[in-house]
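Here's the letter readout for the chains.
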Amino acid sequence: KLLPTRNMESRDAKDGRYQRLRRRHVYLHRLAGDDVFATKIESQPKAPFIMVIRFAIYAFIATFVIKARSQVEDLSIANDGTKSALTEQYFEFEPRPRKFNDIKDVKDVQSWLRWLCNSLQAAGNTDEYSNPLSLNLHNRVTPTSGICLNASSITLSFRRVKLSSDAAASTTTRFSAFYPQTWKAFTIDPGTDLAGSDIEATSPIVASTPSTLSWLYTPACKSCSNTGYNQMGGYIAVATTSASGTLVHLVDSSDVSGLAPDPTLNHCDGNLTRSGTLGLEDFLGEPFFDSQLGSLTAEFQTYNANFQSLTKVKVFFQFSAAGALFAHRVETQTLQLDISHSWIQYFEYTYLVFTCFYFFDLVYRIGKGFPTYLQNFWCYVNACSIIASIGCFGIWYFYMPTLDTFRQTRLFQDYTNFDNRSATFGFYIVTSSFAVFTIYLRMLQFLGHTRSRVVLLLRTITFSAGNMIIYILYIGVIFIGFSTFALTNFSNVSANFTNPWVTFVSTFSLFMGDLSVMDGFNTPLKVPFMWLFMFFFFFLSVQMFNAIINYAYNRVSEDMKSVFQREQLEKQLKKKTKAGRDGRMFWPFPFGRKPKGQEELAEDGVTFGGAVKGPDLTTLDPGVRQKVEEYRERDTKKSAKDGLCTACVYFLMVGCYIGFLYVNMLVEEKNQLRLAVEAVVRNTEVEMPLPFGKTAAQSWDDISTWSQVASWMRVGLPAIIFNSTAQAFMETSTTQQLISSGMNCLRSWNCLITGASQNQTDGSQNIARITQKRSKRMQNRGSRSSATPEDERFVGGFDDSGEEIQGILVNESGFFQIIHPDVANAAEDADLDFQLLHQNQLLCQTVGAGVGSYR
């Protein structure tokens, strides 16, 4: 019995001693300033900075190759040029000028279609400053399948809603006397497959004149041409425009009527089957545009010879059961036809070699660290980046042969072929953008191997990610509550809250600080909703995000404190080692006393300041030595504080300097003068001639086309310069004439300066200088460069004999470079000499470029 007792007492004594030792160990760590519960992060060996430079070169080459192949700048300019031609020009002038965004109902849609066809017909005339059948000068509308190449075509897809006589399910029997028939659906989305549904009308439409003409419904067919938008069928019409006028062909996919092609009607081959042909005005009338119209989609393609690009335009008009235009928009997609580069392939090979190098490096790391390395986040980032980069090469070299067949044949006239190649090119854009994004994301990994501060930021993001996700889910519930509240209370008074998705977008815009979504309506709960929403999300939520990030940063900083201290000690050791090797620390100033804390120790133990050298610290423990060194240097690291007198003198100097600049630069006066002159130029409205013989009062801000620029130069600029009322205002006093007779002033006091040039001897006075730079015109060879091989050029179609010819759509083109006002380049036509005379007086002529002057 005694033996177990002694063993038990011995075990208790051991446990007590262990607990005391453990507590002492904790006290020791606390005394040293360590957090024993924090996860210690060990310092990793740093990689050489040359790895970052090498990967930066790889990232630059990848960006350059993808940017050169995609040519996103040219695609953006081509899209914007075509879209602005449709949305920024007036389609109706009476009772007021209106643009695309002003379309409200079916009548406006008819007016817009009439304007579009008439604009194509008038293009090429002298007054329109445009190439034939083109939008915005250079965007030639191409013909679709079956249409002659000397015409342009626009495909129209009508989707009509079926009517219902079931009053019990719609208006009820009480109101059926007012509306015996109603729509079976709220609307029909363009391009939707409604096979098997009973909401779309498919019965033939009989024309009023002639009554024997019927417009047949075209069923959906993915492999057929001229079957409507997205090949989903509907009532399909093709509007063709030439110099002689506009004709509309009613498509008959079953070819019941059996009408043969007729070149006089711009119908040249059997790829288009029609049931009849109407004039534009007959087509725009009933019964084609009636109360059953659910959606209308207009599709056409434009060819720009300057950029050698082909753009597909889709214009959507969607109507609702409310009787109004539900939505309308313009979409554009552009393909670059000339993708030939003589030297880009070398950069592609370099990009591929770098990608393969990092691929084998990834395989080596996975094999060496398997399976632990698979738990690393950067393993999957590297894998996705490499896969995307290799995918770019595969997609591009698959895309090039398909584009060759598209350029060398008449496949460009079929919208389906364009959509297939556009989808492939779009997939290349998505893959390449993901590759570039992950490449630059991998840059953080390489920087983290060389700099601990980058590791600190990455660990901060990782540590805060979980808390941020939880908080986002928390506020997401509240955000949905606010969105539901806005949808319920504001949907009947504002278009910004009509459905759940639009409400979500509007509410998120309000979260980003855009208060314009709350304009245009007034309800009792509008102001309380705005204040409560803005306080909770715009202030409280943002501060919570900041708090989460700050907490994560402070926590990770504490965890990595030992790493930073060790790096600091290593730097100090390297500095001391270098100082011992050089004999003494380098000091760039040969004269004067060295700053405090940097005295050089002499061999006898006395510093330059006369202080006695302290004890040798190399024999102490590293932790104790660091504490002692920090204690010694506590005064040397403190900078002297500036006194109140110094601060006052500084603020006085700053105030005097700002006052000096303000007074001598005449800030307010110059700004008022600039605003006054600019207001005269921008706000002066004059009656300027517009297309189709129309005139309207327009200002500088209304200019969107070249024809409007020419009209403003002919009418607007002379009105600004010569029709000023300043002279009559200043000469009202007969006793004192404030300005000379014949002076022209803007806003009374801003008078124009006149003078004569050096070689001007006729006595006339110059009042304005107008500089025009002309672009060269060249034969359209289907490419932007003469170095493009013949088999990679866009031919534009066939002639009547069946042989391929170039320039059949556009005979001439200009350079694609932008001609800047003050820089000459190869695109400028500097060889053409001309003079403009008026009543034997020289108005303008071609002159050479002088140093520092405009041409």
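Look up a bit, the structure's there.
Throughout this description, residue numbers start from 1 for each chain and increase along the sequence as written. Only residues with pLDDT of at least 70 are given local features in this predicted model, and only at 80 or more are side-chain atom pairs given and counted; all residues enter the totals for whole chains, interfaces and linings. Side-chain metrics in this entry use all non-hydrogen atoms of the structure; hydrogen atoms and water are not considered.

1. Here's the deal with the overall build of the protein chain
Alright, step 1. The helix and strand labels rest on DSSP assignments: H or I over at least four residues marks a helix, E over at least two residues marks a strand, and numbering proceeds from the N terminus. When you go through the protein chain residue by residue, the secondary structure sums to 18 helices and 21 strands.
Alright, step 2. Burial status follows relative accessibility: with a 1.4 Å probe on protein chains alone, a residue under 20% of its type maximum counts as buried, one over 50% as exposed, and anything between as partly exposed. When the 855 residues of the protein chain are sorted by exposure, 36% land in the buried category.
Alright, step 3. Should any heavy atoms of two residues lie within 4.5 Å, those residues are counted as being in contact. The contacts of the protein chain with a sequence gap of at least 6 include a subset with a gap of at least 24, amounting to 62%.

2. Some remarks on the nonpolar core
Alright, step 1. What is meant by a nonpolar core is a set of buried Ala, Val, Leu, Ile, Met, Phe, Trp, Tyr and Cys residues, joined one to another through side-chain atoms within 4.5 Å. One finds Y303 and Y351 to be the most contacted residues of the largest nonpolar core, which totals 45 residues.
Alright, step 2. Every element with two or more residues in this core is listed here: α2 (50-70), α7 (344-369), α8 (377-408) and α9 (415-450).
Alright, step 3. In contact with Y303, not counting residues within four places along its chain, are H138, N139, R140, T142, Q308, S309, L310, L337, N780, F794, L809 and V810.
Alright, step 4. Listed in part, the 43 residues of the second largest apolar core include C117, I154, V330 and Y415.

3. Some points on the packing of helix α11 (residues 500-511) against helix α12 (residues 526-559)
Alright, step 1. It is the contact of α11 with α12, at a shortest axis distance of 9 Å, that shows an interaxial angle of 65 degrees. When the axis of α11 is compared with that of α12, the two are roughly perpendicular. Contacts between α11 and α12 involve T507, L510 and F511 from the first element and F529, F533, M534, F537 and F538 from the second.
Alright, step 2. Across the contact of α11 with α12, the residue classes break down as seven nonpolar, one polar and no charged. In this description, a line fitted to the C-alpha atoms serves as the axis of each element, helices being fitted only across the stretch in contact, and the angle between N-to-C directions of two axes falls anywhere from 0 to 180 degrees. We call two directions roughly parallel when the angle between them is under 35 degrees, roughly antiparallel when it is over 145, roughly perpendicular when it lies between 65 and 115, and oblique otherwise. Three classes are used: nonpolar for Ala, Val, Leu, Ile, Met, Phe, Trp, Tyr, Cys and Pro, charged for Asp, Glu, Lys and Arg, and polar for all others, with Gly counted as polar.

4. Some words on α2
Alright, step 1. Given a helix with a known number of residues, its expected span is that number minus one, times 1.5 Å. The first and last C-alpha atoms of α2 sit 30 Å apart over 21 residues, in line with the 30 Å expected at 1.5 Å per residue.
Alright, step 2. Along α2, the positions that sit buried rather than exposed are M51, V52, F55, Y58, A59, I61, A62, V65, I66, A68, R69 and S70.
Alright, step 3. Next to the buried residues of α2 lie α3 (72-87), α7, α8 and α9.
Alright, step 4. Where α2 terminates, the next one or two residues include Q71, which has phi positive at roughly 50 degrees.

5. Observations concerning the pairing of strand β3 (residues 152-160)
Alright, step 1. With nine of nine residues buried, β3 lies mostly within the body of the structure.
Alright, step 2. Residues S152, I154, L156, F158 and R160 line one face of β3 and the alternating positions S153, T155, S157 and R159 line the opposite face, and both faces are buried.
Alright, step 3. As defined by bridge partners, β3 adjoins strand β11 (residues 293-304) across six bridges and the pair is classed as antiparallel. Bridged to F158 within β11 is L296. The pairing criterion for strands is at least two bridges between them, as found by DSSP.

6. With respect to the side chain of S494
Alright, step 1. Counting through the fold element by element, S494 comes out in the loop between α10 (452-490) and α11.
Alright, step 2. Residue S494 is classed as buried on the basis of its relative accessible area of 8%.
Alright, step 3. Here a polar contact is recorded for every N or O atom pair within 3.5 Å, except that within protein the pair must consist of a potential hydrogen donor and a potential acceptor, and residues adjacent in sequence are included only if both atoms are side-chain atoms. Of note is the side chain of S494, whose polar atom sits 3.2 Å from the backbone nitrogen of N496.
Alright, step 4. Not counting the four nearest positions on each side in its chain, S494 is found in contact with V517 and F521.

7. Some details on the packing of aromatic side chains
Alright, step 1. Planes of paired rings set the category: under 30 degrees apart is stacked, over 60 is edge-to-face and the rest tilted, where pairs are Phe, Tyr or Trp rings (Trp by its six-membered ring) whose centres lie within 6.5 Å. Counted according to the given criterion, the structure contains 61 aromatic pairs.
Alright, step 2. Plain terms: the ring middles of F490 and F521 are 5.3 Å apart, the flat faces sit at 45 degrees to each other, and that makes the pair tilted. Here the residue F490 occupies a position in helix α10, and F521 occupies one in the loop between α11 and α12, the gap between them amounting to 31 residues. Exposure class is identical for F490 and F521. Each is buried.
Alright, step 3. A ring pair is formed by F536 and F537, whose centres lie 5.1 Å apart and whose planes are at 70 degrees; its orientation type is edge-to-face.
Alright, step 4. Note on F536: relative accessible area 18%, which makes it buried.
Alright, step 5. Remark: a charge is flagged as sitting over a ring if the NZ atom of Lys or the CZ atom of Arg is within 6 Å of the ring centre and within 35 degrees of the ring normal. The aromatic ring of Y90 is capped on one face by K99, whose charged end is 5.2 Å from the ring centroid.

8. With respect to the pattern of salt bridges
Oppositely charged side chains may form a pair once their charged atoms are brought near each other.
Alright, step 1. Salt bridge, as used here: a side-chain nitrogen of Lys or Arg that lies within 4 Å of a carboxyl oxygen of Asp or Glu. With the rule as written, the count across this model stands at 19 salt bridges.
Alright, step 2. With its nearest N and O atoms 2.1 Å apart, the salt bridge here joins R407 to D404. Note that R407 and D404 are positioned in helix α8 at a spacing of three residues, about one turn of the helix.
Alright, step 3. The buried category is assigned to R407, whose relative accessible area is 1%.
Alright, step 4. Residue D404 is classed as partly exposed on the basis of its relative accessible area, which comes to 26%.
Alright, step 5. One continuous salt-bridge network, built from bridges that share partners, spans E92, R98 and D108.

9. Structural notes on unusual backbone geometry
Alright, step 1. Here the bond from F370 into P371 is cis, since omega is -5 degrees, no more than 30 degrees from zero.
Alright, step 2. You can see P371 is positioned in the loop between α7 and α8.
Alright, step 3. Positive phi values are uncommon outside glycine, yet L133 reaches one of about 55 degrees.
Alright, step 4. Structurally, the position occupied by L133 is in the loop between α4 (106-122) and β1 (134-135).

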